[in-house]
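Tertiary structure, described
Take a look at the letters that make up each chain.
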Amino acid sequence: MLSVQGLRANVGDKEILKGLDLEVGAGEVHAIMGPNGSGKSTLAHVLAGREDYEVTGGSVTFEGRDLLDLDPEERACLGLFLAFQYPVELPGVNNTYFMKAALNAKRKYHGQGELDAVSFLRLMKGKLKVLHLDDSLLKRPVNVGFSGGEKKRNEIFQMALLEPRLAILDETDSGLDIDALRVVADGVNALRSPERSMLVVTHYQRLLDYIEPDYVHVLAKGRIARSGGKELALELEEKGYGWIVDEAAA
Amino acid sequence: MNAQALESDRPAKVAASEPDQGPFDAWLPATAPNAEPAWLALARAAATERVHSQGAPTGKSEGWRYTGLRALLEQGFTPVDAQPAALLPEDVDHLLVPGLDSHRIVIVNGRFAPQLSSLAGLPKGLRIGSLRIALAEDPDALTDDLTRVAGDGAHVLAASNTAGMDDGMVLLAAPGALVEKPVELLHISVGMDEPRVAQPRHLVKLGDGAQVTLIERWASLGDALYCNNAVLEIGLGRDAVLAHRRVQLESPSAFHISGVYLGQGAGSRYNGINIGLGGRWSRTDLVMRFAGEHAECDLGGLYLAGDGQLVDYHLDVRHGLPHCTSRESFKGIIHGRGKAVFDGLVYVAKDAQQTDAAMSNRNLLLSQSAEVDTKPQLEIYADDVKCSHGTTVGQIEPEMLFYLRSRGIREGLARRMLCLGFAGEIIDALGNDALAAHVTEVVGARLEAAPL
């Protein structure tokens, strides 16, 4: 599904990722944990194709394609989805229109016809229910005036609609209270399937109580410092990141 | 434009023994209309004198600092003197807005075109017709209105319109008349054998408490080179309500000058939205005056300027009386080598206490070579007022673009979606689904074709 090898990336003159390796198989859920500034969000954005990050080395293969060679829109059409830590407000861009444009872009890419208005609305309404989102959100501009929780749920709603092969959740838990976290986690869990992989980027262990990972990786100083099963997350909860960071530095 | 060049052009003409020739003398009609009421002949003579004596505004005059007249003068426009072969409804079908139900009056090259208009079944209390016919039928009926709101006008081109006025629309709504269906004033310009200027003159008068929606449109057949120099005078009675929509979508070669002069009675409400999409060179002056307290004036605008286009909006809103409210909110999208000018003045006189005014001008530049000169100004002489202004000039936010692209939407469409989102606030305010859909489609198509 996803194979990252020796990935190096800069923001400006600063090297953030320093030779990162990661293998994600179909249907697997991987958690990427690590202290602030370890490169978690950079990894998420580099994979999604953000141009502010300069890839200086290594390779990324996604579904057999050279991911780094593709525009962000083509990555999305191939089935990569990034749930943003800070979902962007798009004033004046209607949420329904936005979702429809996204879904039809993907369908077009795969040689399918555009969805008609009725089928599209039916599809949207079905997904809304799962995420406890109000209909009125569809009529509003994308993320404008949404609460923090609504923004995150809107991200998962988009994910549900676009049915990606690989979903990257970038600190989806940040800023959520426990109820909102549960709703978001339920939404994510409903999308787990043998064909869909997930990369859950988080600082805190608590999200992993709700979204149970198959693998946990700790990122420190731009590399994977340690990998393990879900018990590694519990160990981190107990001991903090310090010991791993120290080991990585050693 | 280059003011120096214009100045140096002129002495040559003077040397050719044409003393005191103003640059717009060529726009004056060759012969004065006969059998004109004295009051109108007087106004025309005074305006003619102003055209003679006032030179062309130069880059030094504040109102024209960023808008060169050189291109306009170079065309050698002369007044429309003959009408094109009468157009048939099927010739202009494609210029109509699909689904727009209106009482329509059509002006072709400055002259009323009855065969294209649909004025049957006007509701009680509403009269719409040709200015020329109105003056012929009852020469003194318009004495108190025509030229009274505009006065000398904002600049020499307004004087030229008064000097050359020939035809246009007269809309009179009786006190209390509530007109449900919009009135559509459709200008159609047709290219002639040589570059011609039409100078339509319109008068809108709403009696006390009358309510009307006026959709003013500017369209062309083909890509003709011509000029319109229009003046619209609007008088609103006490508590009258006018929703005024202006959509300018003309030939890429067109020159457009228009002035809207508004006089508002006490408690009246004016809501005007200006959509400026096309033409090569366009200058619009919106001049607002309050004649009574507790009146509200709401001015919105959206302009798009692309390669080879100049769009200029000048606002002059004068609060001379207390307790009036004005809103000025203009947005612009400039792409390619387009240029836009926004100059908004809100003046609050010493006695205009409790004035509430807010002006904003926001611009989106889509290319390196796009240009906007924006100048919002507040001049406040009263001490108990609520006034604000703000202006922004920016580009499409990379974060927004990336967000859309990360959802599979290709870059070109993503940019268009963001531009339409930016413009949407003004388009939605049109408050007419058919018109809004029309404008959205045109803006979308323009952005799609635009070299960004």
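One structure accompanies this document, and this report is about it. (Residues numbered from 1 in each chain as written. Chains lettered and ligands numbered in written order. Predicted model: local features only at pLDDT ≥ 70, side-chain atom pairs only at ≥ 80, totals over all residues. Heavy atoms only, no water.)

A few words now on the overall build of chain B. The number of helices and strands found in chain B is 9 helices and 21 strands. Compactness check: chain B gives a C-alpha radius of gyration of 22 Å against a globular reference of 22 Å for 452 residues, within 12% of the reference. Considered along the principal axes of its C-alpha atoms, chain B spans approximately 70 × 55 × 55 Å. Here chain B, with 452 residues, has 58% of them falling under the buried criterion. For chain B, the share of sequence-separated contacts (at least 6 apart) that also reach a separation of at least 24 residues comes to 86%. If you sum the accessible surface of chain B, you get close to 17700 Å²; carbon and sulfur atoms cover 50% of it. Looking at charge distribution, chain B has the averaged site of its 40 positive side-chain charges lying 3 Å from that of its 56 negative ones. (Helix = DSSP H or I, 4+ residues; strand = E, 2+ residues; numbered from the N terminus. Rg over C-alpha atoms; globule rule 2.2 N^0.38 Å. Buried < 20%, exposed > 50% of the residue type's maximum accessible area, 1.4 Å probe, protein only. Contact = heavy atoms within 4.5 Å. Areas by Shrake-Rupley, 256 points an atom, 1.4 Å probe, with all protein chains shown as cover. Lys, Arg positive; Asp, Glu negative; His and termini not counted. Charge placed at Lys NZ, Arg CZ, Asp CG, Glu CD.)

Time to look at the packing of aromatic side chains. Tallied over the entire structure, the rule returns 12 aromatic pairs over all chains. Here F84 of chain A and F402 of chain B contribute two aromatic rings whose centre-to-centre distance is 5.8 Å and whose plane-to-plane angle is 55°, an arrangement assigned as tilted. Placement of the pair is F84 of chain A in the loop between β6 (80-83) and α3 (95-109) and F402 of chain B in helix α7 (residues 398-405), with the two residues belonging to separate chains. Taking the centre distance of 5.4 Å and the plane angle of 45° together, the rings of Y347 of chain B and Y381 of chain B count as tilted. (Phe/Tyr/Trp six-rings, centres within 6.5 Å; stacked < 30°, edge-to-face > 60°.)

All right, on to the sheet that holds strand β8 (residues 197-202) of chain A then. In a beta sheet, neighbouring strands are held together by backbone hydrogen bonds and run either parallel or antiparallel to one another. Residue and element names in this part refer to chain A. Reading across from one edge, β6-β7-β8-β3-β9-β10 is the order of the 6 strands in this open sheet, with mixed pairing throughout. Both outer strands of the open sheet, β6 and β10 (223-228), are each paired with one neighbouring strand and no more. The sheet shows a mean angle of 20° between the axes of neighbouring strands, direction not considered. (Pairing = 2+ DSSP bridges. Axes fitted to C-alpha atoms, helices over the stretch in contact; angles between N-to-C directions.)

A few words now on the interface of chain A and chain B. Each side of the interface is counted separately: chain A has 32 residues, and chain B has 17 residues. Summing both partners gives a buried area of about 2000 Å² for chain A against chain B, and 67% of it is carried by carbon and sulfur. Taken together, the connections running from chain A to chain B amount to 5 salt bridges. With a closest N to O distance of 4.0 Å, R405 of chain B and D71 of chain A form a salt bridge. Going through the elements one at a time, α1 (40-48), α2 (72-78), β6, α3 and α6 (148-162) of chain A are the ones with two or more residues in the side of chain A that touches chain B. (Buried area = accessible area lost by both parts, 1.4 Å probe. Salt bridge = Lys/Arg side-chain N within 4 Å of Asp/Glu carboxyl O.)

Another aspect to go through is the pairing of strand β8 (residues 201-206) of chain B. Residues and elements named next belong to chain B. Counting buried positions over the 6 residues of β8 gives 5, a clear majority of the element. Sheet topology places strand β5 (residues 169-173) next to β8; 4 bridges connect them, and they run parallel. Bridge pairing in β8 links L171 to V204.

As a further point, take the packing of α6 of chain A against helix α7 (residues 178-190) of chain A. When two helices pack together, you describe them by how their axes are tilted relative to each other and by the distance separating the axes. Residue and element names in this part refer to chain A. The N-to-C vectors of α6 and α7 enclose an angle of 5°; their axes lie 10 Å apart at closest approach. For the element pair α6 / α7, the angle class is roughly parallel. When α6 is examined against α7, the residues K152, R153 and I156 are found in contact with a partner set consisting of V183, V184, G187 and V188. When the residues that make up the contact of α6 with α7 are grouped by side-chain class, the tally is 4 nonpolar, 1 polar and 2 charged. (Parallel < 35°, antiparallel > 145°, perpendicular 65-115°, else oblique. Nonpolar A, V, L, I, M, F, W, Y, C, P; charged D, E, K, R; others polar.)

Residue and element names in this part refer to chain B. Taken together, the 10 strands give an open sheet; going across it, the order is β3-β2-β6-β9-β11-β13-β15-β17-β19-β21, and neighbouring strands pair in mixed fashion. Both outer strands of the open sheet, β3 (111-112) and β21 (386-394), are each paired with one neighbouring strand and no more. As paired strands, strand β11 (residues 241-248) and strand β13 (residues 269-276) are joined by 8 bridges and run parallel to one another. Residue pairing for β13: L242 is matched across the bridge by Y270. Strands in contact with helix α8 (residues 411-428) are β13, β15 (296-305), β17 (325-334) and β19 (356-365); relative to β17, the strand with the most contacts, it is inclined by about 155°.

Residue and element names in this part refer to chain B. Within the secondary structure, T67 sits in the loop between α2 (38-53) and α3 (70-74). A relative accessible area of 2% means that T67 is categorised as buried. The spatial distance from the C-alpha of T67 to the C-alpha of E411 is 33 Å, given a sequence separation of 344 residues. Those residues in contact with T67 that sit more than four places away from it in its chain are W281, R283, L310, D312 and V341. Here the side chain of T67 touches D312 through a polar contact of 2.6 Å, side chain to side chain. (Polar contact = N/O pair within 3.5 Å; in protein donor to acceptor, adjacent residues only side chain to side chain.)

Unlike most non-glycine residues, E63 of chain A shows phi in positive territory, near 50°. With respect to the helices, strands and loops of the structure, E63 of chain A is situated in the loop between β4 (53-62) and β5 (65-66). Assessed through its relative accessible area of 33%, E63 of chain A is described here as partly exposed. For D239 of chain B, which is not glycine, the phi dihedral falls at a positive 60°. For D239 of chain B, a relative accessible area of 42% gives the class partly exposed.

Residue and element names in this part refer to chain A. Direction vectors running N to C along helix α4 (residues 117-130) and α6 enclose 130°, while the axes themselves pass 10 Å from each other. Considered as vectors, α4 and α6 are oriented oblique to each other. In this structure, the crossing between α4 and α6 has a hand that is right-handed. Residues F120, L123, M124, K127 and L128 of α4 touch α6, and the partners they reach there are F157, A160 and L161. Here the contact of α4 with α6 is composed, by residue class, of 7 nonpolar, no polar and 1 charged. (Left-handed = near helix turned anticlockwise from the far one by under 90°.)

For the rest of this paragraph, the subject is the pattern of salt bridges. Residues and elements named next belong to chain B. Under the defined criterion, the tally for this structure stands at 43 salt bridges over all chains. Across the salt bridge formed by D356 and R327, the nearest N and O atoms sit 3.1 Å from each other. In this pair, D356 sits in strand β19 while R327 sits in strand β17, placing the two residues 29 residues apart along the sequence. We note a salt bridge from K386 to D356, for which the minimum N-O separation is 3.9 Å. One end of the pair, K386, is in strand β21; the other, D356, is in strand β19, with 30 residues separating them in the sequence.

Let us look at the nonpolar core. Membership of the largest hydrophobic core comes to 114 residues, with the highest contact counts inside it found for L47, L90, F98 and I168 of chain A together with I275 and I333 of chain B. Beyond its immediate stretch of four places on either side in the chain, I275 of chain B contacts R246, V247, Q248, L302, Y313, I426, L430 and V439 of chain B. Core analysis: the next-biggest nonpolar cluster, separate from the first, contains 51 residues, M288, C297, V311 and A382 of chain B among them. (Core = buried A, V, L, I, M, F, W, Y, C linked by side-chain atoms within 4.5 Å.)

Here we take up α1 of chain A. Residue and element names in this part refer to chain A. In terms of residue burial, α1 counts as a mostly covered element, since 8 of its 9 residues are buried. Residues K40, T42, L43, A44, H45, V46, L47 and A48 constitute the buried set of α1. Just downstream of α1 lies G49, where phi reads positive at about 100°.

Residue and element names in this part refer to chain B. By secondary structure assignment, the location of G320 is in the loop between β16 (310-319) and β17. Residues G320 and Y347, 27 residues apart in the sequence, show an inter-C-alpha distance of 8.0 Å. Aside from chain neighbours lying at most four places away, what touches G320 is A349, D351 and A352.

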